[in-house]
Amino acid sequence: MGNSLKTIVAFVPSSKCQKYLLEDLEEMPVDKMVDLSGRQLRRLPLHICSFRELVKLYLSDNNLNHLPPELEQLQNLQILALDFNNFKALPLVVCTLKQLCILYLGNNKLCSLPLELRLLQNLKTLWIESNCLQYLPEVVCELSLLKTLHAGSNALRTLPPQLQCLQELRTIWLSGNLLSEFPPVLLNMPFLEVIDVDRNSIRFFPSLAHLPGLKLVIYDHNPCRNAPKVAKGVRRVGRWSEETPEPRKRSGAVIDITLDEKPLLPPAAKTKPE
């Protein structure tokens, strides 16, 4: 009854109804964190923007499609979660929050990202998975401190060569896209530690043995005819990963992995992402 009632109340803009949805959140929390995930919100309550010392703001799993310009007041914000909403475009006010380190935009309806995103020069983690991206916006390549990029479950067919400029990038998740070949730019990124190209359409893998930083490559669920060659100590997850680099005639099944052996993959949903 609680969730159903909140869904109904979310349509009513009165202050009493909004107060019910916020559960009397009227003052700045001591831990400088506000979590409004799953509240059926259709607009961000303006008084939240008065919490100028706020560091973490979680708005996941709501019905938001815009944000108020007053959000710009939150200049101390470091983590902003906007995943599982209805954004068709990233509100430009987000790009004014220059202290942001982590930005979650997954599971929306984004087809592009604004050029103003380049203003977020402190950004280290960007999640843009499960959107409508047919190409990786080149502005992402201007986020010089970016360490983790999750762009899975889009419609990417290639990656821009400018990506190699991100010399701080260590982890890139590209599962569930439309890659027909292993992105050539990744071969020029020796600092990468984790590469995930699971669930694409890659038929051949080049050697990755020359990448000194590589620790894990996930290439499962591709129609490949070979396993990528890797340096000693690098873990592979996919067909023939524990056999010779080329498939044997009797090998056709995916290698089974026990729960204890599975690599740490990004969660599909987060209540309180860190």
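For every chain, the first residue of its written sequence is number 1, and the numbers climb from 1 along that sequence. Local features in this predicted model are restricted to residues of pLDDT 70 or higher, and side-chain atom pairs are both shown and tallied only at a pLDDT of 80 or more, whereas totals for entire chains, interfaces and linings draw on every residue. As a convention, hydrogens and water are excluded, and side-chain values are obtained from all of the structure's heavy atoms.

### Quick word on the overall build of the chain
Then, in step 1: Each helix is a run of H or I in the DSSP string that is no shorter than four residues. Each strand is a run of E no shorter than two, and both are numbered from the N terminus. Within the chain one finds two helices and ten strands.
Then, in step 2: Walking the chain from its N terminus toward its C terminus, one meets helices and strands in the order α-α-β-β-β-β-β-β-β-β-β-β.
Then, in step 3: Within the chain, contacts between residues at least 6 apart in sequence are counted, and of these 26% link residues at least 24 apart.
Then, in step 4: When the accessible surface of the chain is summed, it comes to about 13,700 Å², and 53% of that surface belongs to carbon and sulfur atoms. When checking whether two residues touch, look at their non-hydrogen atoms; a contact exists if any pair is within 4.5 Å. Residue exposure ignores everything except the shown protein chains as possible cover, and the areas themselves are Shrake-Rupley values with a 1.4 Å probe.

### A short note on the confidence of the model for the chain
Then, in step 1: Here the chain averages 86 in pLDDT, while 79% of its residues score no lower than 70.
Then, in step 2: A low-confidence stretch, residues 4–12 stays under pLDDT 50, and its non-local contacts, those more than four residues away or across chains, total 17 contacts.
Then, in step 3: Low pLDDT, under 50, characterises residues 244–274; the stretch is placed with 57 contacts to residues that sit more than four places away or in other chains. Along the chain, pLDDT gives the predictor's confidence residue by residue, from 0 to 100.

### Side note on unusual backbone geometry
Then, in step 1: In this structure, Lys32 takes a positive phi of about 60° despite not being glycine.
Then, in step 2: Its place among the elements puts Lys32 in the loop between helix H2 (15–22) and strand S1 (33–35).
Then, in step 3: Burial classes follow relative accessibility: with a 1.4 Å probe on protein chains only, a residue under 20% of its type's maximum area counts as buried, one over 50% as exposed, and anything between as partly exposed. Residue classification places Lys32 among the partly exposed positions, given a relative accessible area of 35%.
Then, in step 4: For Ser130, which is not glycine, the phi dihedral falls at a positive 55°.

### Quick look at the state of the cysteines
Then, in step 1: Pairs of cysteine sulfur atoms within 2.5 Å are what we label disulfides. By the definition in use, this model includes zero disulfides.
Then, in step 2: The structure places no disulfide on Cys141, whose sulfur is separated from the nearest cysteine sulfur, that of Cys165, by 7.0 Å.
Then, in step 3: On the accessibility criterion, Cys141 (8% relative accessible area) is buried.

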